Every structure is written in C-alpha cells, then in structure tokens.
Amino acid sequence: MKYKVHRFEIDMDKDQGKLEQYLNSLEGEIVSIIPNNRKTTIFQIYGFSAKIDFVFIVEKIA
C-alpha cells in the first residue's frame, strides 16, 4: 500500500465547497483529514475560537 499526503489551504468560513470539490477529485481512498489548529490569540488559547489554516489529507493509493 502506498499513501500520499496532500496539504489543503483552507478558510473554514468560506471554503467548504472548495474542499468538497477537492476531495471528490481524488482517485484513491481518503484515510484521514488532519486539521492544523493554530492558537494565536487569547480567545483561541482559552478555546473560545479556533483558526484552522490548512488540513492534511491522507490518501491511500492502489
């Protein structure tokens, strides 16, 4: 089995359609989607707000 990791830059407020289109364009099986949760402001540190800059998408290739 071979795996490929894709990095997808995302703005969680407005990129749902882009993510859906990207996932549907992949030919292999999606194993996992891992968000990068960056905590930078005081609200984000205490969990009131989170900012996800990108996601890693792990794809299993036949």
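I will try to describe carefully the structure that is included in this document.

Procedures and definitions
- Residues numbered from 1 in each chain as written.
- Predicted model: local features only at pLDDT ≥ 70, side-chain atom pairs only at ≥ 80, totals over all residues.
- Heavy atoms only, no water.
- Helix = DSSP H or I, 4+ residues; strand = E, 2+ residues; numbered from the N terminus.
- Buried < 20%, exposed > 50% of the residue type's maximum accessible area, 1.4 Å probe, protein only.
- Contact = heavy atoms within 4.5 Å.
- Areas by Shrake-Rupley, 256 points an atom, 1.4 Å probe, with all protein chains shown as cover.
- Lys, Arg positive; Asp, Glu negative; His and termini not counted.
- Salt bridge = Lys/Arg side-chain N within 4 Å of Asp/Glu carboxyl O.
- Polar contact = N/O pair within 3.5 Å; in protein donor to acceptor, adjacent residues only side chain to side chain.
- Patch = residues over 30% accessible without salt bridge, like charges linked within 9 Å, V, L, I, M, F, W, Y side chains within 5 Å.
- Pairing = 2+ DSSP bridges.
- Axes fitted to C-alpha atoms, helices over the stretch in contact; angles between N-to-C directions.

Helix and strand counts for the protein come out as 2 helices and 3 strands. Its helices and strands taken in sequence order, the protein reads β-α-β-α-β from the N to the C terminus. Residues counted as buried form 23% of the 62 residues belonging to the protein. Across the protein, contacts joining residues at least 24 apart in sequence account for 63% of those joining residues at least 6 apart. Accessible surface, the protein: about 5,000 Å² in total, of which carbon and sulfur atoms supply 53%.

The subject of this paragraph is the side chain of Glu-59. Among the structural elements, Glu-59 can be located in strand E3 (residues 51-61). Lys-4 is the oppositely charged side chain nearest to the buried, salt-bridge-free Glu-59, at an N-O distance of 5.9 Å. A distance of 2.7 Å separates a polar side-chain atom of Glu-59 from the backbone nitrogen of Gly-28. Each residue touching Glu-59, except ones within four places of it in the same chain, is listed here: Lys-2, Tyr-3, Lys-4, His-6, Leu-26, Glu-27, Gly-28 and Glu-29.

Residues Met-1, Tyr-3 and Val-31 make up a contiguous nonpolar surface patch of roughly 380 Å² in combined accessible area. Residue position: Met-1 is located in the segment before strand E1 (2-9).

Here we take up the pattern of salt bridges. On inspection of all chains with the given rule, the structure shows 4 salt bridges. The shortest N-O distance in the salt bridge between Arg-7 and Glu-9 comes to 2.8 Å.

Read from one edge of the open sheet, 3 strands run E1-E3-E2, paired in antiparallel fashion. Edge positions in the open sheet fall to E1 and strand E2 (29-38), since each of these has one partner strand only. Neighbouring strand axes in the sheet, compared pairwise and without regard to direction, differ in orientation by 20° on average. With 8 bridges connecting them, E1 and E3 associate as antiparallel partners. Along E3, the bridge assignment pairs Arg-7 with Phe-56. Together, E1, E2 and E3 form the strand contacts of helix H1 (residues 16-25), whose direction differs from that of E1 by roughly 160°.

Purely geometric numbers; function is a separate question.
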